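One letter stands for each residue in the lines below.
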Amino acid sequence: TLNDPAFLEAAGALATKMTAASSKLEEQITYGFRQVLIRKPQPAEVRRLAELYQSLDGELDTAEFVAAAGLKQGDAALVAVASVILNLDEALVKP
């Protein structure tokens, strides 16, 4: 699912909602996490996703990655974080 075009488009849509929810990265991550997993993330989970965002910011080919997510513009690193959230075992596996 990680490289599936449908999941990448879903990540683009989630990243757009995360961006609209707040201008603060930690709040964006919390919003996306809650939308997908229906629970508040632990501080360590937010920290790890924020670290991922920081490591990817400026490293991705923004135009290409954002276009692959079905967007005309956006934050490629946030799309990647949204993709990670969507691909967590907790999101994919039924308890």
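One structure accompanies this document, and this report is about it. As the structure is a prediction and not an experimental result, all values here were calculated from the model.

Here the focus is the overall build of the protein. Along the protein, the regular secondary structure elements total 6 helices and 0 strands. Listed by position from the N terminus, the elements making up the protein come as α-α-α-α-α-α. Whereas a compact globule of 95 residues would reach a radius of gyration of roughly 12 Å, the protein reaches 12 Å, a difference of no more than 12%. For the protein, the spread of C-alpha atoms along the principal axes amounts to about 35 × 30 × 20 Å. Taken over 95 residues, the protein has a buried fraction of 34%. Taking the intrachain contacts of the protein between residues at least 6 apart in sequence as the baseline, contacts between residues at least 24 apart amount to 57%. Within the structure as shown, the protein displays about 5900 Å² of accessible surface, and the carbon and sulfur contribution to it stands at 53%.

So, about the packing of helix H1 (residues 5-21) against helix H2 (residues 25-37). Running from N to C, H1 and H2 point in directions that differ by 130 degrees, and their axes come no closer than 8 Å. Comparing the axis directions of H1 and H2 gives the class oblique. Seen along the crossing, H1 lies across H2 with a hand that is right-handed. Of H2, the residues touching H1 (which contributes Leu14, Lys17, Met18, Thr19 and Ala21) are Gln28, Ile29, Tyr31, Gly32, Gln35 and Val36. Each residue belonging to the contact of H1 with H2 can be placed in one class, and the counts come to 6 nonpolar, 4 polar and 1 charged.

With that settled, the discussion passes to the pattern of salt bridges. Under the criterion given, the structure shown has 2 salt bridges. Taking the shortest distance from any N to any O, the salt bridge between Glu45 and Arg39 comes out at 2.8 Å. Note that Glu90 is salt-bridged to Arg39, the shortest N-O span being 2.7 Å. Of this pair, Glu90 sits in helix H6 (residues 89-92) while Arg39 sits in the loop between H2 and helix H3 (43-56); the two residues are 51 residues apart in sequence, bridging distant segments of the chain. With a relative accessible area of 42%, Glu90 lands in the partly exposed category. According to the relative accessible area criterion, Arg39 is partly exposed, its value standing at 23%. Three or more residues are tied together by salt bridges with common partners; here these are Arg39, Glu45 and Glu90.

The next point concerns H2. Taking 1.5 Å per residue, 13 residues should reach 18 Å; H2 reaches 18 Å between its end C-alpha atoms and fits that length. Turning to H2, its buried residues number three or more, namely Leu25, Gln28, Ile29, Gly32, Phe33 and Leu37. Projected down its long axis, H2 shows its buried positions confined to an angular sector of 135 degrees, all on one face. Buried-residue contacts for H2 involve H1, H3, helix H5 (76-86) and H6. Phi turns positive one or two residues past the end of H2, at Ile38, with a value near 55 degrees.

The rules behind each value
Throughout, residues of each chain are indexed from 1 in the direction in which the sequence is written. Residue-level local features of this predicted model are given only where pLDDT is at least 70; pairs of side-chain atoms are given and counted only at 80 or more, and the full residue set underlies all totals for whole chains, interfaces and linings. Hydrogens and water molecules were not included; the side-chain quantities draw on all heavy atoms of the structure. A helix here means a DSSP run of H or I that spans at least four residues, while a strand means a run of E at least two residues long, and both kinds are numbered starting from the N terminus. We take the radius of gyration over the C-alpha atoms and set the globule estimate at 2.2 Å times the residue count to the 0.38 power. Each residue's exposure class comes from its accessible area (1.4 Å probe, protein chains only) as a fraction of the maximum for that residue type: buried when under 20%, exposed when over 50%, partly exposed otherwise. Contact criterion: two residues are considered in contact whenever any of their non-hydrogen atoms come within 4.5 Å of each other. Accessible surface is estimated by sampling points in the Shrake-Rupley manner with a 1.4 Å probe; for residues, cover comes only from the protein chains shown. Each axis is a line fitted through C-alpha atoms, taken for helices only over the stretch in contact, and angles between the N-to-C directions span 0 to 180 degrees. For classification purposes, an angle smaller than 35 degrees is called roughly parallel, one larger than 145 roughly antiparallel, one from 65 to 115 roughly perpendicular, and anything else oblique. Crossing handedness: left-handed means the near helix sits turned counterclockwise from the far one by under a right angle, and right-handed means the same turn made clockwise. Gly is put with the polar residues, along with every residue not named as nonpolar or charged; the nonpolar set is Ala, Val, Leu, Ile, Met, Phe, Trp, Tyr, Cys and Pro, and the charged set is Asp, Glu, Lys and Arg. For this document, the term salt bridge refers to a Lys or Arg side-chain nitrogen within 4 Å of an Asp or Glu carboxyl oxygen. A helix is expected to span 1.5 Å for every residue after the first. For this quantity, the arc is that covered by the directions from the helix axis to the C-beta atoms.

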